[in-house]
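# Descriptive structure summary
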Amino acid sequence: LGFSPAKTWLLSPPQATAMGESFSRTAQTCWDPEGTASLVRRKKAQRAAINQYTELLNRLEQCRGGADQEGVMAEIKRVDREMMGKQEGKFWDMLQEHSDWPSIREKRTLLQV
């Protein structure tokens, strides 16, 4: 069995792409560490918000018609105001562009929130 660089390349182009993406992310981190840190904080905040909405909507779904329904609805409205107020409304706009937001929006519509 001989080594053939051509065959190796044919077998692993996705790996080469991943290596290129990894290098790109590493280079970006070196060249703009503050921008990268800001991006990481924004992504974490978005994930926390989406998790919070998911939890609240699940709770609302479970207590549908129960006494706790009004309390959960009030909490969702409070979280809405909090999210809309972050970064002068920019956070709310970016949150709605998140890839997981359509499922949140759909569940809100279904539960009439």
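For the structure given in this document, a descriptive report is provided here. (Residues numbered from 1 in each chain as written. Predicted model: local features only at pLDDT ≥ 70, side-chain atom pairs only at ≥ 80, totals over all residues. Heavy atoms only, no water.)

## Description of the overall build of the protein
If you tally the helices and strands in the protein, you get six helices and zero strands. Moving toward the C terminus, one meets the helices and strands of the protein in the order α-α-α-α-α-α. Counting every position in the protein, which comprises 113 residues, the buried fraction comes to 22%. Residue pairs in contact within the protein that sit at least 24 positions apart in sequence constitute 64% of those at least 6 positions apart. (Helix = DSSP H or I, 4+ residues; strand = E, 2+ residues; numbered from the N terminus. Buried < 20%, exposed > 50% of the residue type's maximum accessible area, 1.4 Å probe, protein only. Contact = heavy atoms within 4.5 Å.)

## Things to note about the packing of helix 5 (residues 90-97) against helix 6 (residues 101-110)
In contact at an axis separation of 7 Å, helix 5 and helix 6 are set at 95° when each is read in the N-to-C sense. What the angle tells us is that helix 5 and helix 6 run roughly perpendicular. From helix 5, W92, L95 and Q96 reach across to helix 6, where they touch W101, R105 and R108. (Axes fitted to C-alpha atoms, helices over the stretch in contact; angles between N-to-C directions. Parallel < 35°, antiparallel > 145°, perpendicular 65-115°, else oblique.)

## A closer look at the pattern of salt bridges
Inspection of the entire model under this criterion finds five salt bridges. With a closest N to O distance of 2.3 Å, D100 and R47 form a salt bridge. Within this pair, whereas D100 is found in the loop between helix 5 and helix 6, its partner R47 is found in helix 3 (residues 33-62), the two being separated by 53 residues in sequence. Under the relative-accessibility criterion, D100 is labelled partly exposed at 28%. We classify R47 as partly exposed; its relative accessible area is 32%. (Salt bridge = Lys/Arg side-chain N within 4 Å of Asp/Glu carboxyl O.)

## Remarks on the environment of K107
Its place among the elements puts K107 in helix 6. Sequence separation between K107 and Y53 is 54 residues, and the spatial gap between their C-alpha atoms is 9.9 Å. In contact with K107, not counting residues within four places along its chain, are L57, N58 and E61. At 3.4 Å, the side chain of K107 forms a polar contact with the side chain of E61. (Polar contact = N/O pair within 3.5 Å; in protein donor to acceptor, adjacent residues only side chain to side chain.)

Don't take any of this as a statement about function, it's just geometry.
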